[in-house]
6 protein chains.
Amino acid sequence: MINPDEVLLRNTASLSEMLDIEKKMLPHGSGHFPSVSVLKEIIIYIKNIIFPDFLDQQRKNSSIKSFFIGTSMERLYSLLRKEIEHALRFTDNSLSQVFESEAARRALMFIDSLPEIKKLLYTDVEAIYNNDPAVDNYGEVILCYPVIQAMVNYRVAHSLAISGIPVIPRILTELAHSSTGIDIHPGAKIGRYFAIDHGTGVVIGETCIIGDNVTIYQGVTLGAKNFSLDGNGHPVNIPRHPIIEDNVTIYANSTVLGRITVGHDSVIGGNIWLTNSVPPGSRILQQKAMEKTSPNDNEL
Amino acid sequence: MINPDEVLLRNTASLSEMLDIEKKMLPHGSGHFPSVSVLKEIIIYIKNIIFPDFLDQQRKNSSIKSFFIGTSMERLYSLLRKEIEHALRFTDNSLSQVFESEAARRALMFIDSLPEIKKLLYTDVEAIYNNDPAVDNYGEVILCYPVIQAMVNYRVAHSLAISGIPVIPRILTELAHSSTGIDIHPGAKIGRYFAIDHGTGVVIGETCIIGDNVTIYQGVTLGAKNFSLDGNGHPVNIPRHPIIEDNVTIYANSTVLGRITVGHDSVIGGNIWLTNSVPPGSRILQQKAMEKTSPNDNEL
Amino acid sequence: MINPDEVLLRNTASLSEMLDIEKKMLPHGSGHFPSVSVLKEIIIYIKNIIFPDFLDQQRKNSSIKSFFIGTSMERLYSLLRKEIEHALRFTDNSLSQVFESEAARRALMFIDSLPEIKKLLYTDVEAIYNNDPAVDNYGEVILCYPVIQAMVNYRVAHSLAISGIPVIPRILTELAHSSTGIDIHPGAKIGRYFAIDHGTGVVIGETCIIGDNVTIYQGVTLGAKNFSLDGNGHPVNIPRHPIIEDNVTIYANSTVLGRITVGHDSVIGGNIWLTNSVPPGSRILQQKAMEKTSPNDNEL
Amino acid sequence: MINPDEVLLRNTASLSEMLDIEKKMLPHGSGHFPSVSVLKEIIIYIKNIIFPDFLDQQRKNSSIKSFFIGTSMERLYSLLRKEIEHALRFTDNSLSQVFESEAARRALMFIDSLPEIKKLLYTDVEAIYNNDPAVDNYGEVILCYPVIQAMVNYRVAHSLAISGIPVIPRILTELAHSSTGIDIHPGAKIGRYFAIDHGTGVVIGETCIIGDNVTIYQGVTLGAKNFSLDGNGHPVNIPRHPIIEDNVTIYANSTVLGRITVGHDSVIGGNIWLTNSVPPGSRILQQKAMEKTSPNDNEL
Amino acid sequence: MINPDEVLLRNTASLSEMLDIEKKMLPHGSGHFPSVSVLKEIIIYIKNIIFPDFLDQQRKNSSIKSFFIGTSMERLYSLLRKEIEHALRFTDNSLSQVFESEAARRALMFIDSLPEIKKLLYTDVEAIYNNDPAVDNYGEVILCYPVIQAMVNYRVAHSLAISGIPVIPRILTELAHSSTGIDIHPGAKIGRYFAIDHGTGVVIGETCIIGDNVTIYQGVTLGAKNFSLDGNGHPVNIPRHPIIEDNVTIYANSTVLGRITVGHDSVIGGNIWLTNSVPPGSRILQQKAMEKTSPNDNEL
Amino acid sequence: MINPDEVLLRNTASLSEMLDIEKKMLPHGSGHFPSVSVLKEIIIYIKNIIFPDFLDQQRKNSSIKSFFIGTSMERLYSLLRKEIEHALRFTDNSLSQVFESEAARRALMFIDSLPEIKKLLYTDVEAIYNNDPAVDNYGEVILCYPVIQAMVNYRVAHSLAISGIPVIPRILTELAHSSTGIDIHPGAKIGRYFAIDHGTGVVIGETCIIGDNVTIYQGVTLGAKNFSLDGNGHPVNIPRHPIIEDNVTIYANSTVLGRITVGHDSVIGGNIWLTNSVPPGSRILQQKAMEKTSPNDNEL
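What you see as residue numbers is a count from 1 along each chain, following the sequence as written. Here chains are named by letter from A upward and ligands by number from 1 upward, in the order in which they appear as written. Totals for whole chains, interfaces and linings use every residue, but because this is a predicted model, local features are given only for residues with pLDDT of at least 70 and side-chain atom pairs only at 80 or more, for both listing and counting. With hydrogens and water stripped out, all remaining heavy atoms of the structure feed into the side-chain values.

**Q** So what exactly am I meant to see when it comes to the overall build of chain A here?
**A** Tallying secondary structure elements over chain A gives eight helices and 15 strands in all. Residues classed as buried in chain A amount to 65% of the 300 residues present. Whether two residues are in contact is decided by their heavy atoms: any pair within 4.5 Å suffices. In chain A, 45% of the contacts between residues at least 6 apart in sequence involve partners at least 24 apart. Per-residue accessibility takes into account occlusion by the displayed protein chains alone, with areas from the Shrake-Rupley method and a 1.4 Å probe. Accessible surface, chain A: about 10,500 Å² in total, of which carbon and sulfur atoms supply 51%. Numbered from the N terminus, helices here are DSSP runs of H or I no shorter than four residues, and strands are runs of E no shorter than two. Exposure categories follow from relative accessible area, calculated using a 1.4 Å probe and restricted to protein chains: below 20% of the type maximum is buried, above 50% is exposed, and the middle band is partly exposed.

**Q** Mind showing me how you'd approach the confidence of the model for chain A here?
**A** In regions of low pLDDT, the predicted coordinates are not meant to be interpreted in detail. pLDDT: the predictor's confidence for each residue, scored from 0 to 100. Per-chain confidence: chain A averages 86 in pLDDT, with 86% of residues scoring 70 or above. This complex was scored by the predictor with a pTM of 0.89 and an ipTM of 0.87.

**Q** Explain the relation of the copies chain C and chain A here, please?
**A** In this arrangement, two copies of a chain are superimposed by a rotation about an axis accompanied by a shift along the axis. Its rotation angle being 120°, the transformation that places chain C on chain A also includes 0.0 Å of axial translation and leaves an RMSD of 0.0 Å. A rotation of that kind, with that shift, is consistent with a three-fold axis. A low fraction, 18%, of the interface residues of chain C reappear at the interface in chain A, so the copies pair through non-equivalent surfaces. For the least-squares superposition of copies, only C-alpha atoms count, and only for residues with pLDDT at least 70 in both.

**Q** Sorry if this is basic, but what is going on with the nonpolar core here?
**A** Nonpolar side chains tend toward joint burial in soluble globular proteins. Nonpolar core, defined: a set of buried Ala, Val, Leu, Ile, Met, Phe, Trp, Tyr and Cys residues in which side-chain atoms within 4.5 Å join the residues together. Ile-204 of chain A, Ile-204 of chain B, Ile-204 of chain C, Ile-204 of chain D, Ile-204 of chain E together with Ile-204 of chain F are the most contacted members of the largest nonpolar core, which totals 550 residues. Dropping the residues within four chain positions of it, Ile-204 of chain D is found in contact with Asp-183, Ile-184, His-185, Ala-188, Ile-190, Phe-194, Ile-210, Ile-216 and Leu-222 of chain D.

**Q** Would you explain the sheet that holds strand E4 (residues 203-204) of chain C in this entry?
**A** The pairing criterion for strands is at least two bridges between them, as found by DSSP. Ordered by their spatial adjacency, five strands build an open sheet running E1-E4-E7-E10-E13 (chain C), and the pairing between neighbours is parallel. The two strands at the open ends of the sheet, each matched to only one other strand, are strand E1 (183-184) and strand E13 (273-274) of chain C.

**Q** Please clarify how the packing of aromatic side chains should be interpreted in this entry.
**A** Aromatic ring pairs are defined here through the distance separating the ring centres and the angle between the ring planes. Residue and element names in this part refer to chain F. Paired rings are identified among Phe, Tyr and Trp, the last through its six-membered ring, by centres lying within 6.5 Å, and are further divided according to the angle between planes into stacked (under 30 degrees), edge-to-face (over 60) and tilted (the rest). Per the stated rule, a full pass over the model turns up 24 aromatic pairs over all chains. Centre to centre, the rings of Phe-51 and Tyr-122 are 5.4 Å apart; their planes meet at 55°, and the pair counts as tilted. Of this pair, Phe-51 sits in the loop between helix H3 (36-50) and helix H4 (62-91) while Tyr-122 sits in helix H6 (residues 114-131), placing them 71 residues apart in sequence. Using a relative accessible area of 0% as the deciding quantity, one classes Tyr-122 as buried. Here Tyr-217 and Tyr-251 contribute two aromatic rings whose centre-to-centre distance is 5.0 Å and whose plane-to-plane angle is 15°, an arrangement assigned as stacked.

**Q** Honestly, the interface of chain C and chain A in this entry has me stumped. Any pointers?
**A** Listed per partner, the contact involves 71 residues of chain C and 67 residues of chain A. Of the roughly 6,000 Å² buried between chain C and chain A, counting both surfaces, carbon and sulfur atoms make up 60%. What makes a salt bridge here is a side-chain nitrogen of Lys or Arg within 4 Å of a carboxyl oxygen of Asp or Glu, nothing more. Where chain C meets chain A, there are four salt bridges. Among the ionic pairs, Arg-10 of chain A bridges to Asp-112 of chain C, the shortest N-O distance being 2.6 Å. Polar contact is defined as a pair of N or O atoms within 3.5 Å, subject to the rule that within protein one atom must be able to donate a hydrogen and the other to accept it, and that residues adjacent in sequence are counted only when both atoms are side-chain atoms. Put simply, chain C and chain A have 16 residue pairs in polar contact (both at pLDDT 80 or more) between them. Only helix H3 (36-50), helix H4 (62-91), helix H5 (96-131), helix H6 (138-144), helix H8 (168-180) and strand E15 (290-291) of chain C provide two or more residues apiece to the side of chain C that touches chain A. The element contributing the most residues to the side of chain C that touches chain A is H5 of chain C, with 15 residues. Of the residues assigned to the side of chain C that touches chain A, the class counts are 31 nonpolar, 24 polar and 16 charged. The term buried area denotes the loss of accessible surface (1.4 Å probe radius) that occurs when two parts are joined, taken as the sum for both partners. Classification convention: Asp, Glu, Lys, Arg as charged; Ala, Val, Leu, Ile, Met, Phe, Trp, Tyr, Cys, Pro as nonpolar; all other residues, Gly among them, as polar.

**Q** Please clarify how the environment of Ile-142 of chain A should be interpreted in this entry.
**A** Residue and element names in this part refer to chain A. Here Ile-142 shows up in helix H6 (residues 138-144). Take Ile-142: its relative accessible area is 9%, and that puts it in the buried class. Once residues lying within four places of it in the same chain are set aside, the contact partners of Ile-142 are Phe-51, Phe-54, Val-125 and Ile-148.

**Q** Looking at this model, I keep getting lost on the sheet that holds strand E13 (residues 273-274) of chain A. Mind explaining?
**A** Strands belonging to one sheet form pairs held by backbone hydrogen bonds; the direction of such a pair is parallel or antiparallel. Residue and element names in this part refer to chain A. Ordered by their spatial adjacency, five strands build an open sheet running E1-E4-E7-E10-E13, and the pairing between neighbours is parallel. Unpaired on one side and paired on the other, strand E1 (183-184) and E13 mark the two borders of the sheet. Where E1 meets strand E4 (residues 203-204), two bridges bridge the pair, whose relative direction is parallel. Its bridge partner being in E4, Asp-183 is matched across the sheet by Val-203.

**Q** Can you help me understand the pattern of salt bridges in this one?
**A** Two side chains that carry opposite charge are able to pair once their charged atoms sit near each other. Taken as a whole and assessed by the stated rule, the structure comprises 84 salt bridges over all chains. Linking Glu-22 of chain B and Lys-118 of chain A is a salt bridge whose minimum nitrogen-to-oxygen distance equals 2.8 Å. Placement of the pair is Glu-22 of chain B in helix H2 (residues 20-25) and Lys-118 of chain A in helix H5 (residues 96-131), with the two residues belonging to separate chains. The burial state of Glu-22 of chain B is the same as that of Lys-118 of chain A; both residues are buried. Here Arg-155 of chain E ties to Asp-124 of chain E by a salt bridge, and the two come within 2.8 Å at their closest N and O atoms. Placement of the pair is Arg-155 of chain E in helix H7 (residues 146-162) and Asp-124 of chain E in helix H5 (residues 96-131), with a sequence separation of 31 residues. A relative accessible area of 4% means that Arg-155 of chain E is categorised as buried. What emerges from the salt-bridge pattern is a single network uniting Glu-6 and Arg-10 of chain A together with Asp-112 of chain C.

**Q** It is not clear to me how helix H3 (residues 36-50) of chain A should be interpreted in this structure. Could you clarify?
**A** In an α-helix there are 3.6 residues to a turn, and that puts residues three or four apart on one side. Here the expected span of a helix is defined as 1.5 Å times the quantity of residues minus one. Helix length check: H3 of chain A, at 15 residues, gives a terminal C-alpha distance of 21 Å against a target of 21 Å (1.5 Å per residue), a fit within 8%. Those residues of H3 of chain A lying buried are Val-38, Leu-39, Ile-42, Ile-43, Tyr-45, Ile-46, Asn-48, Ile-49 and Ile-50 of chain A.

**Q** Can you walk me through the packing of H3 of chain C against H8 of chain C in this structure?
**A** Helix-helix packing is described using two parameters, namely the angle between the two axes and the distance between the axes. All names here are of chain C. Running from N to C, H3 and H8 cross one another at 75°; their axes reach a closest spacing of 11 Å. Considered as vectors, H3 and H8 are oriented roughly perpendicular to each other. Counted together, Val-36, Leu-39, Lys-40 and Ile-43 of H3 and Ile-168, Ile-171, Leu-172 and Leu-175 of H8 form the full contact between these two elements. Tallied by class, residues from the contact of H3 with H8 come to seven nonpolar, no polar and one charged. Lines are fitted to the C-alpha atoms to define the axes, a helix being fitted only along its stretch in contact, and any angle between axes, read from their N-to-C directions, falls within 0 to 180 degrees. An angle counts as roughly parallel when it lies under 35 degrees, as roughly antiparallel when it exceeds 145, as roughly perpendicular when it falls between 65 and 115, and as oblique in every other case.

**Q** So what exactly am I meant to see when it comes to the packing of helix H8 (residues 146-162) of chain F against helix H9 (residues 168-180) of chain F here?
**A** All names here are of chain F. Contact pair H8 / H9: the axes reach a minimum separation of 8 Å and the direction vectors enclose 170°. By the angle class used here, H8 and H9 are roughly antiparallel. On H9, the residues that touch Pro-146, Gln-149, Ala-150, Asn-153, Tyr-154, Val-156, Ala-157, Leu-160 and Ala-161 of H8 are Ile-168, Pro-169, Leu-172, Thr-173, Leu-175, Ala-176, Ser-179 and Thr-180. Classifying every residue of the contact of H8 with H9 gives 12 nonpolar, five polar and no charged.

**Q** Please explain the side chain of Lys-118 of chain E as it appears in this structure.
**A** Given the relative accessible area of 2%, Lys-118 of chain E is considered buried. Every residue in contact with Lys-118 of chain E, bar those within four places of it in the chain, is listed here: Ile-50 of chain E together with Leu-15, Glu-17, Leu-19 and Glu-22 of chain F.

**Q** Help me out: how do you make sense of H6 of chain F in this one?
**A** With 18 residues, H6 of chain F should reach 26 Å at 1.5 Å per residue; the first-to-last C-alpha distance of 26 Å fits that figure. Of all the 18 residues making up H6 of chain F, 15 are buried; the element is thus mostly covered by neighbouring parts of the structure.

**Q** I would appreciate a short explanation of the state of the cysteines in the present structure.
**A** In what follows, a disulfide is any cysteine sulfur pair within 2.5 Å. Inspection of every chain in the model, using the stated rule, returns zero disulfides over all chains. Cys-208 of chain E takes part in no disulfide bond, and the closest cysteine sulfur, belonging to Cys-144 of chain D, lies 19 Å away.

**Q** Would you mind going over the environment of Val-125 of chain D with me for this structure?
**A** With respect to the helices and strands, Val-125 of chain D occurs in helix H6 (residues 114-131). Separated by 100 residues in the primary sequence, Val-125 of chain D and Lys-225 of chain D place their C-alpha atoms 31 Å from one another. Once you skip the residues sitting within four places of it in the chain, Val-125 of chain D turns out to touch Phe-51, Tyr-138, Val-141, Ile-142 and Ile-148 of chain D together with Met-25 of chain E.

Written as structure tokens, this is what we have:
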């Protein structure tokens with residue numbers, strides 16, 4: 001006959017002892033973590049600021065709209081600077097007095113980048129709208145399309161990443177990854193009028209550089225072909241993902257790997273495996289599939 | 001030294017001014033939007049009605065089951081007609097007095113389509129069950145399989161779409177897209193006994209026509225090959241996606257594009273790129289992959 | 001003029017009558033169902049136990065950490081045994097007196113497997129960290145990477161599945177599937193140091209056997225090529241998925257089907273369709289894509 | 001310098017040791033407790049059943065109203081029998097096999113008393129309406145008056161108490177006490193057309209017997225004058241509270257103590273201290289207050 | 001053996017039949033009800049507007065404070081006009097087209113009264129602060145004192161009541177009654193600098209008129225002594241509560257009844273029963289209690 | 001025709017201007033406020049620690065109980081020290097660097113007082129149980145009686161108050177006041193075995209001193225008779241409330257005022273107005289009410 005208390009106590013004791021591998025992984029900082037649920041709230045305030053006419057009703061007068069934007073701005077600042085402080089302390093415990101003011105400074109830097117982020121996101125809405133015969137109006141894109149969430153989170157994360165804030169950018173893009181299937185690394189550089197259609201399975205790597213007016217479809221990978229290891233066996237973080245120039249379209253499920261360049265105005269077909277640079281204006285298509293009749297109904 | 005108030009005020013002012021592109025995107029209607037969270041609640045009531053024995057316990061007597069279905073029906077009607085009214089006002093502000101009764105009328109039309117939707121969904125459950133050796137009982141399919149959520153949302157959205165209700169159908173299918181990775185356009189026509197296995201990355205375009213007993217696997221795209229632009233540069237919405245006849249199976253990650261026909265009783269293998277019609281009974285397979293030994297361990 | 005009450009009553013009556021197909025699907029058991037929301041809570045307690053230093057702050061002293069682990073353990077046990085009881089009753093209504101004690105016994109068996117599950121999960125964290133040049137520290141992996149959620153849910157589900165608990169394992173892996181796009185069947189066997197990168201669209205079938213140090217990328221399918229039907233037309237559940245030996249890497253969007261063996265130390269490139277066994281040390285690459293210039297700008 | 005860990009651990013150890021008085025108080029049963037939040041939910045279902053036209057809208061057709069009542073009934077039964085089972089186990093751990101069926105039996109007994117409870121509550125609404133010149137319609141009484149919550153909880157608690165269910169009746173009346181300031185013991189017997197106005201501070205003791213058409217005001221106590229102790233020093237539970245006959249009114253802040261009888265058609269004024277029986281038709285008033293002019297402004 | 005289904009169905013049928021008394025109570029209007037939870041939210045927005053420096057932090061700059069007030073104002077207007085519309089329809093179903101604009105008009109009237117309400121509430125805070133030796137600062141009064149909630153709800157309810165809005169005023173004051181034990185009828189007229197200390201059990205009737213600088217303590221009733229009935233037996237709503245002139249203090253648990261006048265600068269002691277007018281400057285005290293020694297320890 | 005935007009803007013402008021009285025009330029500190037909802041959570045952790053066997057089930061083994069207490073302790077410390085820091089900053093903005101460590105120090109002081117608070121609270125449970133013939137077991141007292149919440153909040157608040165923490169003590173006792181109608185000032189000193197029965201309307205002033213084994217009933221006020229004003233017109237905070245010696249009982253609705261002493265073993269009857277000291281062993285009763293027959297049925 002099993003004694004439940006004995007089992008619970010024995011396993012509590014066992015699991016309270018740290019594994020060697022666990023000790024190695026302990027955070028270096030002073031035990032602060034950004035809060036995922038607060039970061040979700042921050043994204044809502046940013047959307048309120050960027051798309052004020054689509055996320056609430058009855059706001060016509062511009063003074064009243066300013067109240068709404070101003071209040072969201074103040075909440076954004078108040079929450080973001082705390083999360084940035086947690087993120088700074090998460091990776092560094094050496095200079096704790098400075099973190100509070102440093103976090104406030106970087107939160108304000110981010111707020112100063114919001115007008116530019118807004119401009120870029122409206123170009124993305126425009127590009128998505130122009131690319132989809134099934135859409136009737138812009139509101140449908142802003143309200144319904146997962147790709148918008150992916151792009152909001154990416155453009156915010158990218159802005160935070162280039163000012164050197166750790167951890168938060170990746171949490172933001174993984175939140176979008178989880179709800180859209182679109183995985184854009186915060187370090188990637190993406191130009192104006194960027195459209196992703198459907199999007200599930202898209203991967204855009206850390207060192208990608210993407211020009212203006214680029215369109216990609218579901219399942220497209222812009223990835224690394226290989227990587228070097230440093231002395232500790234950990235991969236070296238060097239440019240290793242594609243450069244996609246202006247006006248390129250890449251169709252569904254294609255895989256583009258390595259520090260290659262896809263020249264401007266090229267079209268890459270679907271299900272393509274591409275590891276070499278291609279010149280401007282290229283058209284790349286898959287070979288024809290062969291056809292056969294199988295003798296066995298259940299076998300493909 | 002930065003003054004936070006100054007930064008917040010400056011950016012509030014800047015972001016309160018509408019961009020030109022933003023003005024162009026303003027909703028035409030009178031500022032009404034369907035509520036995503038209410039639409040989620042509506043789907044729960046529909047599931048209560050369709051699968052009453054699987055979503056609650058202890059209901060054996062049929063009179064008591066009727067109470068449960070009837071109460072769900074009344075909540076469904078009460079919520080749905082308000083959301084339809086919001087959707088009608090979202091795209092049109094001309095004839096506001098009519099919208100309330102028009103929305104009630106269309107909500108009742110939808111309710112009259114529920115028995116047919118129920119029948120179709122049970123054929124889908126049957127098809128998924130028959131297709132998966134790993135499943136032990138129907139309850140597991142209904143309770144656990146994301147594809148069921150995708151099919152409930154799609155079949156509801158399709159019914160609303162054909163009665164001309166804007167915006168809501170797309171929100172419903174995008175909700176399912178977000179949680180399942182399966183992106184079915186509400187406009188697609190899908191027959192009985194439709195099975196998707198695994199499903200992540202499936203895309204089914206707006207003008208697809210799919211027969212009975214069709215099975216598709218993860219990563220399959222039934223998409224458009226190209227599209228024409230109208231005078232404003234916006235794509236023209238014409239039939240441009242495949243017709244899949246009865247009894248077809250399409251394996252993982254294949255891409256079927258354009259207004260082509262896959263003849264009945266065909267099997268399309270995985271990772272196929274197909275842009276031509278194929279006759280009934282076809283078997284399409286990928287060419288063999290080549291093998292090589294790379295001299296460099298880190299390179300593929 | 002439509003009478004709403006009449007429509008609601010008529011459809012309630014119609015939908016309260018069971019379809020023939022619906023009767024066939026009725027649960028065999030006594031109307032108990034595991035609760036999805038409680039299962040989500042259970043996963044949170046398990047994460048608290050496995051990663052105590054990453055999911056809360058300020059816990060340095062090991063006695064205090066034990067409180068946290070012990071409290072989570074007790075809640076886990078209290079919730080899990082009820083859900084196991086529901087699952088047992090869901091599929092069997094014959095011997096109801098036994099289920100309560102049987103559920104407690106299996107919940108304790110699971111708790112006894114937690115130290116081993118913890119060890120395996122830390123090898124997965126290590127493997128993911130070593131595989132990704134973009135990651136800065138282990139905490140980022142544990143806090144942000146969806147693949148961690150997929151592996152926690154899979155390893156828990158696998159442990160529950162091998163002790164014969166119905167329904168719950170599949171619900172757990174489908175929860176992870178929904179939020180990560182990674183679909184691992186609870187029946188699959190997976191060794192130590194297993195890494196999935198990006199992950200959206202990955203499918204790992206029920207009878208897969210995967211060795212140590214295996215890495216796979218987004219869109220990879222380890223599936224079945226075909227299956228036999230039993231006398232009732234339901235597929236037979238036999239070994240039908242690949243065996244992947246130690247130290248294998250499979251790149252994005254490849255499809256590996258059937259009871260084949262990928263020999264140890266092999267590398268499978270991206271977008272490969274593989275249905276034959278390959279010997280140890282193999283390198284499998286896709287044929288080169290062909291290039292063409294299309295005369296028509298809108299056609300691919 | 002204080003070490004927080006040391007303080008927390010020391011006090012955890014100290015507080016984990018049971019006091020002697022604590023051991024004496026340990027529950028006799030097997031560790032089951034009714035859930036206060038579920039009991040709140042149960043009261044909501046009962047209100048739905050009793051006042052269906054006031055707690056939801058648009059229900060005119062009686063068939064649809066039946067769905068609403070029937071669904072509430074089923075939820076009520078499902079929740080109530082579990083809470084009754086917890087209550088039975090809370091006070092008795094001897095005969096555990098019987099509790100589940102016994103709890104179901106008593107829950108059904110309670111449901112059979114609902115039509116009578118409904119009739120009584122409507123007489124209370126009528127009496128409150130007739131007693132208050134400030135009220136415009138019955139809906140205002142049902143929606144806004146705390147006394148209605150006090151009477152719903154009391155009448156439900158009384159019905160549960162007379163079938164011998166422990167603990168739950170008192171929790172229900174204390175919930176109402178907390179939100180209304182009206183403290184009616186579940187054991188009190190109260191006739192038809194009972195009105196309390198304002199109500200804060202009203203206390204009605206366990207062995208009170210109150211006739212029809214009785215009205216009392218805020219701050220009225222119907223209490224015990226004294227009590228005898230049993231051999232353990234615990235008070236003996238015998239009839240010790242007043243009997244109030246039909247058509248009596250008791251004004252604000254009066255205190256009526258002991259097993260006395262206030263004869264029918266009597267009026268007791270405010271701020272009265274009454275410990276003797278009074279005959280039918282009595283009028284009891286306080287002596288006149290005296291008046292004085294104080295020489296000191298700050299002293300009363 | 002009881003059949004649960006039979007009991008549930010039988011009682012559902014019984015309870016679905018309307019009692020005669022129930023039919024009489026049916027709402028006259030078209031089935032609309034104000035929402036209690038929305039009214040609670042409305043009170044929060046009003047508190048944000050009235051006490052902006054106490055209900056959030058970090059707001060120093062007056063422009064930023066305006067954003068906060070303006071956003072709260074817009075939400076207040078948007079919610080309040082809907083609840084007013086529900087309230088108007090609750091009591092009248094004759095002229096439904098007019099209600100929407102009429103509700104908007106009255107919501108704006110209320111908003112125009114907010115500056116005056118704010119001024120009055122600050123005088124109440126001042127009076128409470130000045131009356132309590134135990135309080136250290138104004139923030140403690142605004143944050144902690146239930147009487148503030150009672151006064152906010154009363155002053156808002158009074159403003160709504162004098163513009164003729166039904167039902168909502170009473171719900172607001174009963175919400176405060178429930179959480180503070182202070183029951184102020186929305187119809188009462190109360191001057192500036194009104195202080196209630198402790199407050200539990202205070203009742204202030206519908207036709208009270210209270211001057212400036214009045215202070216009352218817990219348990220004080222300002223009530224009606226009697227009332228006349230109209231032809232239907234319903235009480236007639238005429239002036240029947242006291243007039244309390246400026247600078248009066250009434251101590252704990254006193255009861256002041258009828259249309260009498262308590263002259264300015266009077267002090268009414270505790271536990272007084274007062275049914276006659278008293279001239280300005282009166283001092284009213286209770287007679288001395290008598291003392292006795294009881295022979296019986298248990299009897300009082 | 002009213003323009004809503006104009007009304008909202010005009011009133012926003014008006015309400016954004018600070019009243020003179022508002023400026024005077026501005027908090028002196030740096031804009032920090034304790035959070036009421038966090039303080040509620042803190043009380044829950046304290047109850048978990050004090051009554052571990054009554055607030056959860058299935059905890060028998062003392063090691064497992066320690067986990068529960070230890071985890072609650074850690075959460076308590078983590079939340080409380082932040083709230084204390086907010087409270088310190090609320091009233092003082094001069095020495096901000098010190099507040100964090102000072103708050104931690106005082107939170108630990110409070111935790112060191114928990115064993116003593118626990119002992120006192122168990123004496124209160126015992127006293128309430130012994131005083132109430134209607135109660136069956138201790139669990140019913142701990143689970144259902146509002147007076148327990150009042151005593152938990154008071155004893156915690158008193159402990160915090162004597163270590164000089166501002167604002168929080170009063171918030172805690174006002175929370176209990178709101179849900180129980182019992183208003184005990186945190187400054188009052190209360191001995192062991194303190195029982196309040198029913199409790200609504202009880203007021204215990206700041207400078208009260210109450211001995212052991214004291215019992216009081218609903219509506220009892222232990223208040224101040226008068227107070228002196230300081231030079232600013234604010235009342236002076238000196239001893240002004242009663243001293244109640246051991247073994248005293250005070251019955252319902254009595255008012256005891258001023259710095260008087262009620263000698264040990266006295267009994268004060270109900271509805272008594274007492275402003276003089278009484279010697280040990282006193283019995284104080286109200287004069288008999290007079291009886292009359294009123295000629296007018298509607299007049300009292």
